[in-house]
Amino acid sequence: MKIIIALLFISFSIAAKQPNFVVILSDDAGFEEFGLYKVKKDTLSNTPNIDTLANRGVAFKHAWTQAICGPSRSMLLSGNYAVNTGSYDNKIYYLPDSQDYKRKDRLPSFTKVLNDSGYAVAVAGKWHNPAGYDLIKDSKALGVDTYTTWTASPTDYEKILGRKLIPDNTWERSAISNKPIISRYWKPGIIKNGEVIPTSMNDYGPDIFSNAIIDFIELQAKASKPFLAYYTMVLPHSSHTVTPNEVANGVTPSNKHFRKGTPQGMKYFLSQVNYADKLVGEIVNKIDELGITDETYIIFASDNGTTASAKSKAVEYGVHVPFVVAGANVKQRELTDELMDFTDLLPTLTELAGATIPSHYNVDGNSLAPFLTGKSNSTKDVIYAFPGPATLVRTKDYLLEAVAPIYGKPEGRLYKTHGSYDGRGYENITHNPKYAEVKEKFNQYLLAKPHTLPANFEHPAWVSTKSMKKGQKHFNNKRRAIKHLSLPKSYKFYDESF
């Protein structure tokens, strides 16, 4: 009898064990950069490890986020669209209710939800969440037990060190302003749990962040404690520099930036994507080596469309990213036609972990857990994105993009996608009377999630805050309107006329 009771207890303990999560987010690489999506025809894949991960689980053909990094991370962490986070663009943070503007606690965060449920939580890499707590200042409020992070501004480093930092030739140059910023690559600026870690030109930031994640995974696996490792990569962000791939062949480490539009810049960009893939492979191999694959969900995604191509645009390529899930009890489906967007991650992690989101929080997303585990073969009917002053909506069969009343384009462009997910074969049906019912359905989708930004640059809200003034200055011109609503040059696969 005692043996039976003991066996039952062991069985219950195994069944009740919470799974682990490794969430990896690359920076500025749209879905087309990953071989598994086969957008770049007749070329060898540059991402073999991520492709293999997809083959072990599921990769979403239709995965959407925001079109630029900060708003994307706000969406991912909180499970809310920009209409609720207020984070539309790196230059635009806006909430109609000014009383909510500085309330950091008004949104949930999956790091905190899982930490409250008994998880050890680590973060490594780039944080940048404008609609929530700051990692360095508020790690405990975020439920983060340990962090290893980079930030471009010297302010946080100077506060810790108690001295002014003077830029030299080892610093990065901002890809936009060309001003010196703390490097994320060679001789990176690293803050670990409140301390600045000394580095040299022989140290490569992505390696440091990846090793921090691997060390954390190994430590928690040995302690048999459930964990969440959130790895927010800095690769292949728009500062295109040499990687260890080139250094291994005799190139000197350097933070000199080459624009992606130049042959050298493209070479380094592709090398950065490939090196990010290598680091993902090392993490997956470590999980396999530790024997925790069957109890660990591995999630790989990217934060927005590709740098110097579709990033920040109000078209599908601006918000269309890879999203791969494998490990644990994920049903092997490889590429799926089902829809998801970044609002779905928080409720998914919560359900898989057996955790609870406090009832006072709003969450826009749906849990993907039933689909991932094979209990359901569908996810959701519609996905959204709100890049700057525009809106995009998608179903499996139709796409509405470039909806921008502020630019005189309130109807946007409506397409029948004919089973495609990369733009090839999209049919512009914006003015086709045969699709009046479809158009009305999309009007209802827009009404369900109304854009909160004022649709007129003369509205006083556009000068109400420093952020909004920046947004007005950036978006209020004809050149920006054209650029924001146009397809990237390399992927003009469909009719972009209004």
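Calculation rules
- Residues numbered from 1 in each chain as written.
- Predicted model: local features only at pLDDT ≥ 70, side-chain atom pairs only at ≥ 80, totals over all residues.
- Heavy atoms only, no water.
- Helix = DSSP H or I, 4+ residues; strand = E, 2+ residues; numbered from the N terminus.
- Rg over C-alpha atoms; globule rule 2.2 N^0.38 Å.
- Buried < 20%, exposed > 50% of the residue type's maximum accessible area, 1.4 Å probe, protein only.
- Contact = heavy atoms within 4.5 Å.
- Areas by Shrake-Rupley, 256 points an atom, 1.4 Å probe, with all protein chains shown as cover.
- Lys, Arg positive; Asp, Glu negative; His and termini not counted.
- Charge placed at Lys NZ, Arg CZ, Asp CG, Glu CD.
- Pairing = 2+ DSSP bridges.
- Axes fitted to C-alpha atoms, helices over the stretch in contact; angles between N-to-C directions.
- Parallel < 35°, antiparallel > 145°, perpendicular 65-115°, else oblique.
- Left-handed = near helix turned anticlockwise from the far one by under 90°.
- Nonpolar A, V, L, I, M, F, W, Y, C, P; charged D, E, K, R; others polar.
- Salt bridge = Lys/Arg side-chain N within 4 Å of Asp/Glu carboxyl O.
- Expected span 1.5 Å × (residues − 1).
- Polar contact = N/O pair within 3.5 Å; in protein donor to acceptor, adjacent residues only side chain to side chain.
- Phe/Tyr/Trp six-rings, centres within 6.5 Å; stacked < 30°, edge-to-face > 60°.
- pLDDT = per-residue confidence, 0-100.

**Examining the overall build of the protein chain**
Then step 1. When its secondary structure is counted, the protein chain shows 16 helices and 19 strands.
Then step 2. Over its C-alpha trace the protein chain gives a radius of gyration of 22 Å, about what one expects of a compact globule, namely 23 Å for 498 residues.
Then step 3. With respect to the three principal axes, the spread of C-alpha positions in the protein chain is 75 × 60 × 55 Å.
Then step 4. For the protein chain, the proportion of its 498 residues judged to be buried stands at 56%.
Then step 5. Put simply, 69% of the contacts in the protein chain that link residues at least 6 apart link residues at least 24 apart.
Then step 6. Here the protein chain displays about 21,000 Å² of accessible surface, and carbon together with sulfur accounts for 53% of that area.
Then step 7. Counting 59 positive and 50 negative side-chain charges, the protein chain places the averaged centre of each group 5 Å from the other.

**So, the sheet that holds strand β5 (residues 120–126)**
As a general point, the strands of a sheet are linked pairwise by backbone hydrogen bonds and lie either parallel or antiparallel.
Then step 1. The mixed open sheet is built from 10 strands, whose spatial order is β10-β9-β6-β5-β11-β1-β12-β13-β2-β14. The open sheet has two free edges, formed respectively by β10 (195–197) and β14 (334–341), since each of these has just one partner strand. For this sheet, the mean inter-axis angle between neighbouring strands, taken without regard to orientation, is 20 degrees.
Then step 2. Relative to strand β11 (residues 227–232), β5 runs parallel, the two sharing six bridges. The residue of β11 that forms the bridge with alanine 120 is phenylalanine 227.
Then step 3. This element, helix α3 (residues 69–78), spans β1 (20–26), β2 (58–64), β5, β11 and β14 of the sheet and lies at about 165 degrees to β11.
Then step 4. Against the sheet, helix α8 (residues 205–223) makes contact with β1, β5, β6 (146–150), β9 (190–192) and β11, and its axis sits at roughly 175 degrees relative to β11, the strand it touches most.

**What about the packing of α8 against helix α10 (residues 263–289)?**
Then step 1. Viewed as axis vectors pointing N to C, α8 and α10 meet at an angle of 10 degrees, and their least axial separation amounts to 10 Å. Considering their axes alone, α8 and α10 lie roughly parallel with respect to each other. The two elements α8 and α10 meet at a crossing, and its hand is right-handed. Residues Pro206, Asp207, Ser210, Ile213, Ile214, Ile217 and Glu218 of α8 lie in contact with α10, whose contacting residues are Tyr275, Leu279, Glu282, Ile283, Lys286 and Ile287.
Then step 2. Partitioned by chemical class, the residues of the contact of α8 with α10 number eight nonpolar, one polar and four charged.

**Concerning the pattern of salt bridges**
Then step 1. One pass over the structure, following the stated rule, counts 23 salt bridges.
Then step 2. The partner of lysine 439 in a salt bridge is glutamate 411, with the nearest N and O atoms 3.1 Å apart. Pair noted here: lysine 439 is in helix α14 (residues 436–448) and glutamate 411 is in the loop between β17 (398–403) and β18 (413–416), with a separation of 28 residues, a long-range link.
Then step 3. Owing to a relative accessible area of 44%, glutamate 411 belongs among the partly exposed residues under this scheme.

**What about α10?**
Think of an α-helix as 3.6 residues a turn; residues three or four steps apart then line up on the same face.
Then step 1. Given a rise of 1.5 Å per residue, 27 residues ought to cover 39 Å, and the 39 Å separating the end C-alpha atoms of α10 matches this to within 8%.
Then step 2. After α10 finishes, the residue glycine 291 shows a positive phi value of roughly 75 degrees.

**Description of the environment of serine 78**
Then step 1. Mapped onto the fold, serine 78 is located in helix α3.
Then step 2. Once residues within four sequence positions are removed from consideration, serine 78 is found in contact with Thr85, Leu107, Pro108, Leu346, Asn362 and Val363.
Then step 3. Among the polar contacts listed, one links the side chain of serine 78 to the backbone oxygen of serine 74, at a separation of 2.7 Å.

**Considering the packing of aromatic side chains**
The geometry of an aromatic ring pair is captured by the separation of the ring centres together with the interplanar angle, meaning the angle of the planes.
Then step 1. According to the stated counting rule, one finds 30 aromatic pairs in the structure shown.
Then step 2. Geometrically, the ring pair formed by phenylalanine 442 and tyrosine 445 is edge-to-face, given 5.3 Å between the ring centres and 90 degrees between the ring planes. Taken together, the residues span about one helical turn, with phenylalanine 442 and tyrosine 445 both in helix α14 at a distance of three residues.
Then step 3. In this structure tyrosine 445 comes out as buried when scored by relative accessible area, which is 15%.

**Topic: the sheet that holds strand β19 (residues 427–428)**
Then step 1. With antiparallel pairing, five strands are arranged side by side in an open sheet as β15-β16-β17-β18-β19. Looking at the sheet topology across the chains shown, the edges are occupied by β15 (383–385) and β19.
Then step 2. Sheet topology note: the strand β16 (residues 391–394)/β17 ladder contains three bridges and is antiparallel. Bridge pairing links arginine 394 to leucine 399 in β17.
Then step 3. Those strands touched by α14 are β15, β16, β17 and β18, and its axis lies near 55 degrees from that of β17.

**Overview of α8**
Then step 1. An ideal rise of 1.5 Å per residue puts 27 Å on 19 residues; α8 measures up with 27 Å between its terminal C-alpha atoms.
Then step 2. Taken together, the buried positions of α8 are occupied by Gly205, Pro206, Phe209, Ser210, Ala212, Ile213, Ile214, Phe216, Ile217 and Gln220.
Then step 3. Those residues of α8 that are buried lie in contact with β1, β5, β6, β9, β11 and α10.
Then step 4. Note on α8: the residue one or two positions beyond its end, serine 224, has a positive phi of about 55 degrees.

**Looking at the confidence of the model for the protein chain**
Then step 1. When pLDDT is averaged along the protein chain, the result is 95; 96% of the residues meet or exceed 70.
Then step 2. Within the model, the stretch residues 4–15 combines pLDDT values under 50 with zero contacts to residues more than four positions away or in other chains.

**A few points about the side chain of threonine 343**
Then step 1. Within the secondary structure layout, threonine 343 lies in the loop between β14 and α12 (345–353).
Then step 2. The buried category is assigned to threonine 343, whose relative accessible area is 0%.
Then step 3. Every residue in contact with threonine 343, bar those within four places of it in the chain, is listed here: Met75, Gly79, Asn80, Tyr81, Asp364, Gly365 and Lys380.

**Here's the deal with unusual backbone geometry**
Then step 1. Note that the residue after leucine 235, namely proline 236, is joined by a cis bond; omega there is -10 degrees.
Then step 2. Here proline 236 lies in the loop between β11 and α9 (244–247).

**So, the packing of helix α2 (residues 48–56) against α10**
Then step 1. At a minimum axis separation of 7 Å, α2 and α10 run at an interaxial angle of 45 degrees. By the angle class used here, α2 and α10 are oblique. Here Pro48, Asn49, Ile50, Leu53 and Arg56 of α2 come into contact with α10, specifically with Asp277, Lys278, Val280, Gly281, Val284 and Asp288.
Then step 2. Its residues assigned to classes, the contact of α2 with α10 comprises five nonpolar, two polar and four charged.

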